[in-house]
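Here is how the chains run, residue by residue.
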Amino acid sequence: MASYDKTMATAASLAASLMLVRGLANELLPSEVREALSAALNSLRSRLTWQHTIVVEEKEGWSYNHVYSAVKAYLATRVGADANIGMQRLRVSSTESEAEKMVVSMEAGEEMPDVYEGAEFRWYLVTREVKGDPDSGTGAREVRSYEVSFHKRHKEKALKEYLPFIVATAKAIWDGERSLSIYMNQYSDEWNPMELQHPSTFETLAMDRKQKQSIIDDLDRFTKRKDYYRRIGKAWKRGYLLYGPPGTGKSSLIAAIANHLRFDIYDLELTGVESNSDLRKLLIAMNNRSILVVEDVDCTIELKQREEHDEDEEHAKSNLTRKKSEDKVTLSGLLNFVDGLWSTSGEEKIIIFTTNYKERLDHTLLRPGRMDMHIHMGYCTLEAFRILANNYHAIDSHETYPEIEELIKEVTVTPAEVAEVLMRNDDTDVALHDLVELLNSKKKDATEIKTENKPANEKKDADVIKTESMLVDEKKDGNEIKTESVQVEEKKDDIEVVLKNDSFTKDGSS
């Protein structure tokens, strides 16, 4: 006990001596000398200590510090690591919209170690209270910051590798967790957003696996080729054409693409756009990492080919009519964004056109560089049926499968029709037998239509044969008439020859 008291007395005496020296130095030494001594002492201290620290404040002025948010998100993923099992105090929070999702983070005063490429970093959450200003009416507030300490030899690694790694990791976390939005155009040149909650994914999409995988591979390759597009001098965008009968899953595929890439959707209704100028305003207002969708592009608006202009008709139009024509959305205006000068506004964009009738589209929309990948959305296949059955009833096989698969080979049914029947009843047996009835009904209807068309086709064939026969008869009659005419002409010529000969005989005899 006496030793402890002696130690404390010595420490107190030393502290008092240092304070006295500091006070005398402040009073006796000029400010220039004090600053030089302070700089020398700081330099000596930095050389003697091995530990360096980086401070990440929550705010910079009135703006939130993006790096602080990134560190918070990153460290939340490290709380459960083995090295941090000894943390005694943790902070848990959730939002009202996602009450079931809890976020675990550091509590003030706790220490969290982290290792990056062999270098150890130690994080601390520091809080301090800043007094308010009575004159301005502001009260006391809490200032929060993260501090990371490391060996001085890792300083360059911390600044150039570790912190950028944390920011990139946090971005990936946010992209995976943030809610997506779907935008609709209103008032001709403005977007109106709402939350996108479509659950479609590539795992649940009723499509053959090979086709799905080819789409996924193409999307993933596109998102990783920023430097490639910049090097070749092309806008960082990709175009997809989805075509096929109604109910084949075009909208579900678009939602699956958005969920896979974590891209927002901009659903462009061309009939609501009054002019090319308004269309341009809408398209350049899109965010990066987004999908532009124009559904039923063949029938939403009349888009005339750029090269098809009747000059005579143009000259005949009045100035008023020409002005109205210029105000309308044209194919040229749309193509200028797809692959013209305006296509470079923004980066990492997907453009998707859908149609039920590919053959109706202007060929200028279909060439590579505009629609890079054409995806046919066909009728339900055997593999698509199995995916739907697993989605709605969590089964891989059933006694009705052989019959259903044989019927699917014989009839045309869309995935939407199959899904609607499977959703009617939670009882798997009932739902699948209902599907068998639907397929048999379609088979019966197809047979009846074929039977009804058979007499018509036979009659048509008979009419064709009869017409051909009549043509042959007419040709034959024409040939006979021609032959008779020739014979009459020949007979006439013979008579003329005889008459001439008689005349010649008479003249000779006379």
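Residues numbered from 1 in each chain as written. Predicted model: local features only at pLDDT ≥ 70, side-chain atom pairs only at ≥ 80, totals over all residues. Heavy atoms only, no water.

**Side note on the pattern of salt bridges**
Then, in step 1: Per the stated rule, a full pass over the model turns up 20 salt bridges.
Then, in step 2: Between R78 and D114 there is a salt bridge whose closest N-O contact spans 3.2 Å. Taken together, the positions of R78 in helix α3 (residues 66-78) and D114 in strand β6 (residues 111-116) put the pair 36 residues apart, joining distant regions of the chain.
Then, in step 3: The exposure class of R78 is partly exposed, given its relative accessible area of 28%.
Then, in step 4: Notably, a salt bridge pairs K443 with E410, separated by 2.9 Å at the nearest N-O pair. Here E410 lies in helix α14 (residues 401-410) and K443 lies in helix α16 (residues 428-509), a separation of 33 residues in the sequence.
Then, in step 5: Using a relative accessible area of 34% as the deciding quantity, one classes K443 as partly exposed. (Salt bridge = Lys/Arg side-chain N within 4 Å of Asp/Glu carboxyl O. Helix = DSSP H or I, 4+ residues; strand = E, 2+ residues; numbered from the N terminus. Buried < 20%, exposed > 50% of the residue type's maximum accessible area, 1.4 Å probe, protein only.)

**Regarding a negative patch on the surface**
Then, in step 1: A surface patch of negative charge is lined by E399, D426, D427 and D429.
Then, in step 2: Looking at where D427 falls in the secondary structure, it is placed in the loop between α15 (415-423) and α16.
Then, in step 3: The partly exposed category is assigned to D427, whose relative accessible area is 37%. (Patch = residues over 30% accessible without salt bridge, like charges linked within 9 Å, V, L, I, M, F, W, Y side chains within 5 Å. Areas by Shrake-Rupley, 256 points an atom, 1.4 Å probe, with all protein chains shown as cover. Lys, Arg positive; Asp, Glu negative; His and termini not counted. Charge placed at Lys NZ, Arg CZ, Asp CG, Glu CD.)

**Regarding the confidence of the model for the protein chain**
Then, in step 1: In the predicted model, the protein chain carries a mean pLDDT of 79, and 69% of its residues have values of at least 70.
Then, in step 2: Mean pLDDT across the elements of the protein chain ranges from a minimum in helix α9 (residues 311-316), with 45, to a maximum in helix α7 (residues 250-261), with 96.
Then, in step 3: Segment residues 304-313 is flagged for pLDDT under 50; beyond a separation of four residues in sequence, or across chains, it makes 10 contacts in the model.
Then, in step 4: Low pLDDT, under 50, characterises residues 497-510; the stretch is placed with zero contacts to residues that sit more than four places away or in other chains. (pLDDT = per-residue confidence, 0-100. Contact = heavy atoms within 4.5 Å.)

**Quick word on helix α11 (residues 331-339)**
An α-helix turns once every 3.6 residues. As a result, residues three or four positions apart point the same way.
Then, in step 1: Inspection of α11 places L331, G333, L334, L335, F337 and V338 among the buried residues, and these make up the whole buried set.
Then, in step 2: Turning to α11, the residues buried within the fold contact β11 (237-243), α8 (276-284), β13 (290-294), β14 (349-355) and α12 (363-366).

**Here's the deal with the nonpolar core**
Then, in step 1: Residues F202, L253, I291, I350 and I352 are the most contacted members of the largest nonpolar core, which totals 29 residues.
Then, in step 2: Taken together, the elements giving at least two residues each to this core come down to β9 (180-186), α5 (209-223), β11, α7, β13, β14 and β15 (373-376).
Then, in step 3: Broken down by element, this core gets its largest block of residues, six residues, from α7.
Then, in step 4: Filtering out sequence-adjacent residues up to four positions away, I350 remains in contact with L219, F222, R238, Y240, L261, F263, S290, I291 and L292.
Then, in step 5: Judged by nonpolar contacts, the second largest core, of 27 residues, contains Y243, L283, V297 and M371. (Core = buried A, V, L, I, M, F, W, Y, C linked by side-chain atoms within 4.5 Å.)

**With respect to unusual backbone geometry**
Then, in step 1: Located in the positive-phi region is R289, a residue other than glycine, with phi close to 55°.
Then, in step 2: The residue R289 is located in the loop between α8 and β13 in this model.
Then, in step 3: Unlike most non-glycine residues, E348 shows phi in positive territory, near 55°.
Then, in step 4: Here E348 shows up in the loop between α11 and β14.
Then, in step 5: Judged by its relative accessible area of 8%, E348 is buried.

**Thoughts on the packing of aromatic side chains**
Then, in step 1: This structure, assessed with the given rule, holds 14 aromatic pairs.
Then, in step 2: Ring centres 5.9 Å apart and planes at 80° place the aromatic pair Y74 and F165 in the edge-to-face group. Residue Y74 is located in helix α3, and its partner F165 is located in helix α4 (residues 155-177); the two are separated by 91 residues in the primary sequence.
Then, in step 3: Ring pairing ties together the aromatic residues Y68, Y74, Y116, F121, W123, Y146, F150, Y162 and F165, which thus form one cluster.
Then, in step 4: Sitting over the ring of Y243, K358 keeps its end group 4.5 Å from the ring centre.
Then, in step 5: One residue, R360, lies across the ring of Y357, its end atom 3.9 Å from the ring centre. (Phe/Tyr/Trp six-rings, centres within 6.5 Å; stacked < 30°, edge-to-face > 60°. Lys NZ or Arg CZ within 6 Å of the ring centre and 35° of its normal.)

**Quick notes on the environment of P113**
Then, in step 1: Positionally, P113 belongs in strand β6.
Then, in step 2: Linking P113 and Y124, residues 11 residues apart in sequence, is a C-alpha distance of 9.0 Å.

**Some remarks on α15**
Then, in step 1: Of all the positions in α15, only P415, V418, A419, V421 and L422 are classed as buried. Buried residues of α15 fall within an arc of 165° about the axis and therefore sit on the same side. (Arc of directions from axis to C-beta.)

**Points about the sheet that holds strand β10 (residues 190-196)**
Then, in step 1: A sheet is described by the order of its strands in space; here seven strands give the open sequence β10-β9-β12-β13-β14-β11-β15, paired in mixed fashion. The open sheet has two edge strands, β10 and β15, and neither has a second partner. Ignoring which end each strand starts from, the neighbouring axes of this sheet average 25° apart.
Then, in step 2: Pairing of β13 with β14 involves five bridges; the strand directions are parallel. Each bridged residue has a counterpart across the sheet, and for V294 the counterpart in β14 is F353.
Then, in step 3: This element, α5, spans β11, β14 and β15 of the sheet and lies at about 155° to β15.
Then, in step 4: Where α11 meets the sheet, its contacts fall on β11, β13 and β14, and the angle it forms with β14 comes to roughly 140°. (Pairing = 2+ DSSP bridges. Axes fitted to C-alpha atoms, helices over the stretch in contact; angles between N-to-C directions.)

**Thoughts on the environment of L219**
Then, in step 1: Along the chain, the position of L219 falls in helix α5.
Then, in step 2: L219 gets classed as buried once you look at its relative accessible area, which sits at 0%.
Then, in step 3: Sequence separation between L219 and H260 is 41 residues, and the spatial gap between their C-alpha atoms is 8.9 Å.
Then, in step 4: Among all residues touching L219, those that are not within four sequence positions of it are F202, Y240, I257, H260, L261 and I350.

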